[in-house]
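Tertiary structure, described
The lines below spell out each chain.
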Amino acid sequence: MKKYFSFVLFLSITVLISPPVLSQEATEISRLLENDSDISVRDMSNINSKVVVADTLKGWQVDWISDLSGSQASYDNWSQGGVNTISVTASTVFNAKYRKGQFAYALGTNFKYGKARIEDEGTRKTNDRIAINNKFSYLFEDERWSAFGNINFSTQFDQGFDYSTDPPVMISRFFAPAYFTQIAGISFQPEDYFTAEAGMAMKQTIVSDTDLSTRYGLEPGESFRFEPGYSLAMNFEKKIVSNVRLISSVETFTNLQRHVDNTDVNFSNELIGKINDYLNMSFQFVMVYDSDFSRELQIKQVLSAGFSYSIL
């Protein structure tokens with residue numbers, strides 16, 4: 001417990017200085033009856049792409065958007081068959097950006113939680129995420145280039161289960177796992193919609209429930225692991241057609257103490273279509289490779305439609 005007390009304290013301070021939040025995102029249509037779609041590894045790329053400070057910004061800029069979405073399917077004497085389901089997902093995204101001269105700071109938080117009630121299967125989690133990102137930047141004379149430092153954190157709210165076994169097996173819970181990542185390096189932004197970053201990184205993995213330690217690359221009974229390494233990332237965000245925006249990112253982490261084929265890769269893509277001021281639709285496709293959890297690709301697909309409201 002003492003090994004990661006300082007990191008828990010850091011998280012508590014960060015959350016206390018952030019506004020109250022609910023949760024955001026989508027309702028999973030595919031794989032609804034399969035494994036739980038919690039964040040088994042660092043699902044942070046989407047946050048990083050949203051905390052880029054614009055060159056024209058002076059002082060503070062704050063935005064806070066909350067979203068509620070869901071789906072429902074009901075069948076009665078339906079010849080093709082079907083399973084009655086109802087699902088709801090809530091989310092909230094808060095961003096605060098600041099710039100003075102050559103210095104810039106950005107805080108991004110992303111909270112999501114969703115559940116589905118499936119006939120004869122009970123209630124299952126469909127989305128679960130806590131993500132907090134702090135980014136400090138110093139812009140050079142050529143403002144396409146900057147030095148940056150990131151402090152990232154991610155975990156989930158609730159227990160997650162693998163439903164491929166009978167009975168289901170718990171594979172995650174709050175702070176099991178939790179990830180802290182610190183990155184310092186150089187960023188290149190040739191266009192407003194594209195950023196490339198490279199830097200040295202440190203990652204700390206916390207597994208508060210030691211029964212899950214081996215699932216996340218720790219030794220049996222261990223609750224903390226420190227990894228030095230380097231990180232590469234690219235982020236793309238642009239309106240591709242009227243009212244449709246594409247957000248795409250790829251992020252890697254390579255442990256300097258392990259072979260390069262153990263590099264963690266997170267490839268995230270999201271299409272967001274705005275129907276009007278309050279309604280939108282989105283499709284998210286994420287691929288993750290994390291050899292600590294599995295040698296196979298992790299894949300998440302989310303299709304959603306819902307109500308979105310800008311608080312700030």
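To keep things clear, this report deals only with the structure shown in the data block. (Residues numbered from 1 in each chain as written. Predicted model: local features only at pLDDT ≥ 70, side-chain atom pairs only at ≥ 80, totals over all residues. Heavy atoms only, no water.)

As a further point, take the overall build of the chain. Scanning the chain from terminus to terminus reveals 2 helices and 14 strands. Here the chain, with 312 residues, has 48% of them falling under the buried criterion. Sequence separation of at least 24 residues holds for 62% of the intrachain contacts in the chain that already meet a minimum separation of 6. As displayed, the chain offers around 15500 Å² of accessible surface, 59% of which is attributable to carbon and sulfur atoms. (Helix = DSSP H or I, 4+ residues; strand = E, 2+ residues; numbered from the N terminus. Buried < 20%, exposed > 50% of the residue type's maximum accessible area, 1.4 Å probe, protein only. Contact = heavy atoms within 4.5 Å. Areas by Shrake-Rupley, 256 points an atom, 1.4 Å probe, with all protein chains shown as cover.)

Evaluation of the coordinates by the stated rule reveals 12 salt bridges. With its nearest N and O atoms 3.3 Å apart, the salt bridge here joins Asp 264 to Lys 203. Here Asp 264, found in strand β12 (residues 264–274), pairs with Lys 203, found in strand β9 (residues 194–206); they are 61 residues apart in sequence, far enough to count as distant. Across this residue pair, the class does not change: Asp 264 and Lys 203 are buried. Among the charged side chains, a salt-bridge network with shared partners connects Lys 203, Arg 225, Glu 227, Arg 258, Asp 264 and Asp 292. (Salt bridge = Lys/Arg side-chain N within 4 Å of Asp/Glu carboxyl O.)

With respect to the helices and strands, the residue Arg 258 is situated in the loop between β11 (244–255) and β12. Take Arg 258: its relative accessible area is 31%, and that puts it in the partly exposed class. Sequence spacing of Arg 258 and Gly 229 is 29 residues, and the spatial spacing of their C-alpha atoms is 9.3 Å. Setting aside its immediate chain neighbours within four residues, Arg 258 contacts Arg 225, Glu 227, Ser 291 and Asp 292.

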